[in-house]
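Letter by letter, the chains look like this.
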Amino acid sequence: MEGAIRLTENQKPKKRRYLSLQAKFLLVLLLGLALGMGLGSLTMVVGEALIDHVYLSEEAMEERCRNILDEFEAFVQEQNLKAAQARDITVWAKQQNRIYLMVYDVVPLEDGVEMRAIVDSGWWDEESYYPGEGVAEDESFYADTITTYDEDVERALTETTAETYGYGYGQRMVEFADGTYLVQVTEYSEEPLYEFVTILSYAVILATFLLVVLFYHQRTIGYIIKLSQEVEVIAHGKLDGAITVRSRDETGILAAHVDTMRTSIIQEMRAEQEAWNANSDLITRMSHDIRTPLTVLLGFLELLDEGDYSEDENYRNYLSICKKNAYQLKELADKLFQYFLVFGHGSHEMKLETTDAGVLLAQLIGEHEMLLVEHGWEIDCKYIEGVYFIQADAVFLKRLFDNLFSNIEKYADPTCPVVIRQEAEENCIRITLTNQIRPDPNPVESTNIGLKTCERIVQEMGGAFSAERKGELFAVELTLPLINQKPETAGRGNGKRGKELDKFTEIK
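Conventions we followed
- All residue numbers here refer to positions counted from 1 along the written sequence of the relevant chain.
- Side-chain atom pairs in this predicted model are given and counted only at pLDDT of 80 or more, local residue features only at pLDDT of at least 70, and totals for whole chains, interfaces and linings cover all residues.
- Calculated side-chain values reflect all of the structure's heavy atoms, with hydrogen atoms and water omitted.
- Numbering of helices and strands starts at the N terminus; helices are DSSP runs of H or I of at least 4 residues and strands are runs of E of at least 2.
- Among buried residues, the Ala, Val, Leu, Ile, Met, Phe, Trp, Tyr and Cys ones that are joined through side-chain atoms within 4.5 Å form a nonpolar core.
- Summary of the burial criterion: residues with accessible area below 20% of their type's maximum are buried, those above 50% are exposed, and those between are partly exposed, where the area comes from a 1.4 Å probe applied to protein chains only.
- Contacts are assigned to residue pairs with any non-hydrogen atoms lying within 4.5 Å of each other.
- The angle between two axes is taken between their N-to-C directions and runs from 0 to 180 degrees, where each axis is a line fitted to C-alpha atoms and a helix contributes only its stretch in contact.
- Roughly parallel means an angle under 35 degrees; roughly antiparallel, over 145; roughly perpendicular, 65 to 115; everything else is oblique.
- Crossing handedness is defined as follows: a turn of the near helix away from the far one that is anticlockwise and smaller than a right angle gives a left-handed crossing, while the clockwise case is right-handed.
- The residue classification treats Ala, Val, Leu, Ile, Met, Phe, Trp, Tyr, Cys and Pro as nonpolar and Asp, Glu, Lys and Arg as charged. All others, Gly included, are polar.
- Surface patches are defined over residues having more than 30% relative accessible area and no salt bridge, joining like charges when they lie within 9 Å and nonpolar side chains (Val, Leu, Ile, Met, Phe, Trp, Tyr) when within 5 Å.
- All accessible areas in this document rest on Shrake-Rupley with a 1.4 Å probe, and a residue is counted as covered only by the protein chains that are shown.
- Only one rule defines a salt bridge in this text: a Lys or Arg side-chain nitrogen within 4 Å of an Asp or Glu carboxyl oxygen.
- One less than the number of residues in a helix, times 1.5 Å, gives the span that helix is expected to have.
- Pairing between two strands is assigned when DSSP locates at least 2 bridges connecting them.
- Bend angle per residue: angle between axes fitted to the 7 residues ending at that residue and the 7 residues starting there.
- Any pair of nitrogen or oxygen atoms within 3.5 Å is treated as a polar contact; in protein, a donor-acceptor pairing is required on top of that, and neighbouring residues in sequence qualify only through side-chain atoms on both sides.

This next bit is on the environment of Leu-182. Residue position: Leu-182 is located in strand 5 (residues 179–187). Between the C-alpha atom of Leu-182 and that of Ala-83, which follows or precedes it by 99 residues, the distance is 9.7 Å.

Attention now moves to the nonpolar core. Within the largest apolar cluster, 42 residues are counted, with the highest numbers of intra-cluster contacts made by Ile-365, Leu-397, Phe-401, Leu-404, Ile-429 and Phe-465. When sequence neighbours within four positions are dropped, the list of residues in contact with Phe-401 reads Leu-361, Leu-364, Ile-365, His-368 and Ile-431.

Interaxial distance between helix 8 (residues 357–374) and helix 9 (residues 394–411) falls to 10 Å at its minimum, and their mutual angle equals 25 degrees. Here helix 8 lies roughly parallel to helix 9, going by the angle between them. Judged by the sense of rotation from one axis to the other, the crossing of helix 8 with helix 9 is right-handed. From helix 8, Leu-360, Leu-361, Leu-364, Ile-365, Glu-367, His-368 and Leu-372 reach across to helix 9, where they touch Ala-394, Leu-397, Lys-398, Phe-401, Asp-402, Phe-405, Ile-408 and Glu-409. Broken down by class, the residue content of the contact of helix 8 with helix 9 amounts to ten nonpolar, one polar and four charged.

Below, the discussion takes up a nonpolar patch on the surface. Taken together, the side chains of Leu-35, Leu-39, Leu-42, Val-46, Leu-50 and Val-54 define a hydrophobic patch exposed on the protein surface, amounting to about 510 Å² of accessible area. In this fold, Val-54 is placed in helix 1 (residues 21–55).

Turning to helix 5 (residues 191–235), a few remarks are in order. Over its 45 residues, helix 5 runs 65 Å from end to end, which matches the ideal 66 Å to within 8%, given 1.5 Å per residue. For helix 5, the complete set of buried residues consists of Val-197, Ser-201, Ile-205, Thr-208, Val-212, Val-213, Tyr-216, Thr-220, Tyr-223, Leu-227, Glu-230 and Ile-234. Positive backbone phi, approximately 100 degrees, marks Gly-237, located one or two places after helix 5.

Our next topic: the sheet that holds strand 9 (residues 418–424). With respect to topology, five strands assemble into an open sheet ordered 7-9-10-12-11, the strand pairing being mixed. If you trace the sheet from one side to the other, it starts and ends with strand 7 (379–382) and strand 11 (464–470), each paired once. Across the sheet, the mean angle from the axis of one strand to that of its neighbour is 10 degrees, orientation sign disregarded. Bridge count for strand 7 against strand 9 is four bridges, and the pairing is parallel. Across the sheet, the residue bridging to Lys-382 is Arg-421, located in strand 9.

Right, let's talk about helix 8 for a bit. In this model, helix 8 (18 residues) spans 25 Å end to end at C-alpha, consistent with the 26 Å of a helix rising 1.5 Å per residue. If you look at helix 8, its biggest bend is around 30 degrees, right at Gly-366. Between a side-chain oxygen at the N-terminus of helix 8 and the backbone nitrogen of Gly-358 the separation is 3.1 Å; the capping residue is Asp-356. Once helix 8 finishes, Gly-376 follows within two positions and takes phi at roughly 95 degrees, a positive value.

What follows covers the pattern of salt bridges. Inspection of every chain in the model, using the stated rule, returns eleven salt bridges. The partner of Arg-172 in a salt bridge is Glu-73, with the nearest N and O atoms 3.0 Å apart. Residue Arg-172 is located in strand 4 (residues 171–176), and its partner Glu-73 is located in helix 2 (residues 58–79); the two are separated by 99 residues in the primary sequence. With a relative accessible area of 22%, Arg-172 lands in the partly exposed category. Residues Glu-191 and Arg-98 are paired through a salt bridge, measuring 3.2 Å at the closest nitrogen-oxygen approach. Separated by 93 residues along the polypeptide, Glu-191 in helix 5 and Arg-98 in the loop between helix 3 (86–95) and strand 1 (99–109) bring together distant segments of the chain. According to the relative accessible area criterion, Glu-191 is partly exposed, its value standing at 36%. Exposure remark for Arg-98: the relative accessible area of 30% places this residue in the partly exposed category. Here the salt bridges share partners, and the residues they tie into one network are Asp-70, Glu-73 and Arg-172.

With that settled, the discussion passes to the environment of Trp-92. As for its placement among the helices and strands, Trp-92 is situated in helix 3. Looking at Trp-92, the relative accessible area reads 8%, which means it is buried. When the C-alpha atoms of Trp-92 and Phe-75 are compared, they prove to be 8.6 Å apart, with 17 residues separating the residues in sequence.

Set out below in structure tokens:
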């Protein structure tokens, strides 16, 4: 058992739900338009409410009408105007700030008063007015009779005209050169304010829309600039600088891919550094380890070649020492192969052949099972039932199980059973080896290269490999993909496979 490590395949990052830049921009336009329309409507409502309740309040309108009547009365006195001078009166009215002025001749009657219009400034231009000078009283262009039963004619006039025309405070009896007449003023100076509020509401709509679009544009451009700066930092070799993945659109996907690329580069650099360190350590150790048995082997071979021994017993001892050192060299050569398999670049030329998984695994695992039993180990092994085909290189697969069972001999507790399970699943064959870790530490130092070799071999065959330690329990699991699955029941159960194993006996 070469350390408690976990070997799993690289997992692809989960796909993030994202909204494209085009869709985002369309949503921003709709949001800006909706927000602008809302604020514009609010501006319109608030502005009109202010005009209605402040500028058009009764007190404000009464004050404005009083000021207009004061100015008109001063104008009449200054010019010594007659009520029939309609042109001069109309010109003055048109020069004021949006007012409508009428002059009435009030004739008291027994049951009320009769109001005859003398001058009507009208809504027309300065050149149009009613009536001209010298118009007889009975030729006034219209006359209204207002009935009242109040003894006070002037008070009755104010009340009735206020009821009729809506502005009791916009009228006054004015002394003209030719008599006293009723002057009525209606002012509509609020119209420019309504126009201003309307223009302001449209301006708010446009400004809000532009602000929303500019905010989105600035945010997007700002993120792109930030991403560019972060990539520039990485381009100068500072790989520890993180990439900000903020938005869920094309820019966010680009940032995520750049960050993944950065992480991959860091991992590759670390792997290369680890490989370099392992290579240096391996060369140092191997040069020492190879030199020792090789020196001993060459020394005893020279003694044998020179015949420098006295009896057959010395001869056999010399041969035994040579054989032992030769096996040591072989073991070191195997380690070199494992190192090349793990840290070498590219895939290895495996001879993958379609094979009966049950027969091959029974042969490879059965050999080690028998050896462990002979050395006093308890084995709980379960083989697969049925015929399942896999593509595998028998030689490399044998190296894999040699490594696994060699680890069991070195690190497992011989007093506890070794559990071996083979299971045929829908798309793969799953093999697990579980054992208890021996309580006393093993003096053999682990390089952690054996399990990495096993992982590489299984990956080359299209499978998956993992090794995990949980407390004092160590488990190895590997899966090999099935091809042309043809389940059959041929009476194969636990134990050996009989004659079907013979054709694999050459695998050593």
